[in-house]
Amino acid sequence: MPATDTLSTTFAALADPTRRAILVRLADGPATVKELSEPFEMSGPAVSKHLRVLERAGLIHRGREAQWRPRTLEASPLREVAEFAGEFRRFWDASHARLDTYLQRLQEGERTR
Amino acid sequence: MTTVARTGVTTYETPTDTDFVITRAFAAPRRLVFDAHTDPKHIRQWMLGPEGWTMPVCEIDLRPGGAWRYVWRKPNESDLEMTGTVREVVPPERFVTTESWGPEWPETVNTTVFTESEGLTTVTLTMTYPTKKARDEARATGAEGGMDQSYARLDELLARLV
């Protein structure tokens with residue numbers, strides 16, 4: 001998979017439970033590194049490392065406000081993930097619904113023959 | 001598998017690290033449902049996904065080692081192409097194929113099993129990926145349920161955002 005592909009980068013960033021938890025937290029609003037570190041038994045630098053991965057994936061951005069620099073969630077790459085996941089289900093849900101009707105038609109055809 | 005297949009609802013599951021399983025029951029005899037999944041004249045009538053797509057290419061050489069190729073088309077969209085090889089055919093019980101969406105995607109081994117009981121035929125399609133990572137990337141299983149809790153929360157998050 002090409003490393004530059006947005007979807008792959010997003011998935012790689014989402015492949016870690018700490019990073020997913022950080023994103024879920026940020027969905028409630030911007031937070032500082034200190035606030036984001038609190039729920040985890042993890043050093044500040046370890047959390048910062050996760051934040052850098054999320055930042056590179058375009059999932060969060062750093063605010064400009066003074067030294068606090070709160071992180072904010074960037075939703076658009078996540079939307080792409082959701083659409084992609086939905087795509088597959090949509091494909092099979094729609095196809096199977098059509099197969100229901102089609103099988104019914106085939107069986108009715110057999111009976112009237 | 002504990003899932004009781006129902007008509008009218010397709011179930012998506014990840015029972016192991018590398019499998020992705022799709023289950024659905026149909027009110028038709030097994031032979032007919034098997035044919036609907038393996039005969040191009042039937043397949044192109046229903047395996048079309050959302051409205052607007054057609055299947056200009058639907059070819060299967062239904063025997064071990066045979067090639068298959070599907071192409072879906074919709075105006076103003078790029079064609080989707082899927083290819084693979086037939087590994088095993090046991091009508092009307094099961095067939096096994098490999099499947100690939102292209103070189104950048106992992107090839108899967110797809111096993112489709114048909115069982116009949118009380119007038120219902122249950123179709124179980126198991127897609128086996130080479131690794132868990134490949135499966136999760138290809139299928140975005142976070143949105144499929146049955147995942148760890150933070151995936152479930154992420155799922156909620158996605159639902160809120162989209």
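Looking at the overall build of chain B
Helix and strand counts for chain B stand at 4 helices and 8 strands. Listed by position from the N terminus, the elements making up chain B come as β-β-α-α-β-β-β-β-β-β-α-α. For chain B, with 162 residues in total, the buried portion stands at 27%. If you take every contact in chain B between residues at least 6 apart in sequence, the share linking residues at least 24 apart comes to 33%.

Re the pairing of strand β6 (residues 94–99) of chain B
Residue and element names in this part refer to chain B. For strand β5 (residues 80–90) and β6, the ladder comprises 4 bridges, and the chain directions are antiparallel. Looking across to β6, one finds that Val89 is bridged to Phe95. Hairpin geometry of β5 and β6 is characterised by an intervening segment of 3 residues between the two adjacent antiparallel strands. Inspection of the sheet shows β6 paired to strand β7 (residues 108–117) by 6 bridges, in the antiparallel sense. Its bridge partner lying in β7, Glu99 is registered against Thr108.

Describing helix α4 (residues 44–56) of chain A
Residue and element names in this part refer to chain A. When the terminal C-alpha atoms of α4 are compared, their 18 Å separation across 13 residues agrees well with the 18 Å that a helix rising 1.5 Å per residue should span. Within α4, the full set of buried residues consists of Val47, His50 and Leu54. One side of α4 carries all its buried residues, which in axial view fall inside an arc of 60 degrees. Summarising the geometry of α4, the exposed residues directed more than 90 degrees from the buried face are Pro45, Arg52 and Arg56.

Some details on the sheet that holds strand β4 (residues 67–73) of chain B
All names here are of chain B. Here we have 8 strands laid out as an open sheet, ordered β1-β2-β8-β7-β6-β5-β4-β3, and antiparallel in their pairing. Strands at the two margins of the open sheet, each flanked by one partner only, are β1 (11–13) and β3 (54–60). The sheet shows a mean angle of 20 degrees between the axes of neighbouring strands, taken without regard to direction. Running over the sheet, helix α1 (residues 30–38) touches β2 (19–26), β3, β6, β7 and β8 (120–128) and is turned about 155 degrees from β7.

Considering the packing of helix α2 (residues 17–26) of chain A against α4 of chain A
Residues and elements named next belong to chain A. Here α2 crosses α4 at 70 degrees, and the two axes come no closer than 10 Å. Viewed along their axes, α2 and α4 adopt a mutual orientation that is roughly perpendicular. Residues Thr18, Arg19, Ile22 and Leu23 of α2 lie in contact with α4, whose contacting residues are His50, Val53 and Leu54. Broken down by class, the residue content of the contact of α2 with α4 amounts to 4 nonpolar, 2 polar and 1 charged.

Focus on the environment of Ile43 of chain B
One can find Ile43 of chain B in helix α2 (residues 40–46). Apart from the residues within four sequence positions on either side, Ile43 of chain B is in contact with His37 and Cys58 of chain B.

Points about unusual backbone geometry
Outside of glycine, negative phi angles account for most residues, and trans bonds account for most peptide bonds. Residue and element names in this part refer to chain B. Cis geometry marks the peptide bond from Pro91 to Pro92; its omega dihedral reads -5 degrees. Mapping Pro92 onto the fold places it in the loop between β5 and β6. Not every positive phi belongs to a glycine, and Asn76 is a case in point at roughly 65 degrees. Within the fold, Asn76 resides in the loop between β4 and β5. Residue classification places Asn76 among the exposed positions, given that 5 C-beta atoms sit within 10 Å. Even without a glycine there, the phi angle at Glu118 is positive, about 50 degrees. Structurally, the position occupied by Glu118 is in the loop between β7 and β8. By the C-beta count within 10 Å, which is 4 here, Glu118 ends up exposed.

Here's the deal with the confidence of the model for chain B
Averaged over every residue, the pLDDT of chain B is 84; residues scoring 70 or more account for 82%. Across chain B, the secondary-structure element scoring lowest on mean pLDDT is helix α4 (residues 149–161) of chain B, at 56, and the one scoring highest is β6 of chain B, at 97.

Some words on the nonpolar core
Among the nonpolar cores identified, the biggest contains 15 residues, and Ile22, Leu23, Leu26, Leu54, Leu59 and Ile60 of chain A are the most heavily contacted of them. Those residues in contact with Ile22 of chain A, other than ones at most four positions away along the chain, are Leu36, His50 and Leu54 of chain A. With 13 residues, the next largest nonpolar core counts Ala25, Phe34, Ala36 and Ile43 of chain B among its residues.

A look at α2 of chain A
Taken together, the buried positions of α2 of chain A are Arg19, Arg20, Ile22, Leu23 and Leu26 of chain A. All buried residues of α2 of chain A fall inside an arc of 155 degrees around its axis, so they share one side.

Calculation criteria
Residues numbered from 1 in each chain as written. Chains lettered and ligands numbered in written order. Predicted model: local features only at pLDDT ≥ 70, side-chain atom pairs only at ≥ 80, totals over all residues. Helix = DSSP H or I, 4+ residues; strand = E, 2+ residues; numbered from the N terminus. Buried ≥ 20, exposed ≤ 12 C-beta atoms within 10 Å, placed from the backbone. Contact = placed C-beta atoms within 7 Å. Pairing = 2+ DSSP bridges. Expected span 1.5 Å × (residues − 1). Arc of directions from axis to C-beta. Axes fitted to C-alpha atoms, helices over the stretch in contact; angles between N-to-C directions. Parallel < 35°, antiparallel > 145°, perpendicular 65-115°, else oblique. Nonpolar A, V, L, I, M, F, W, Y, C, P; charged D, E, K, R; others polar. pLDDT = per-residue confidence, 0-100. Core = buried A, V, L, I, M, F, W, Y, C linked by C-beta atoms within 7 Å.

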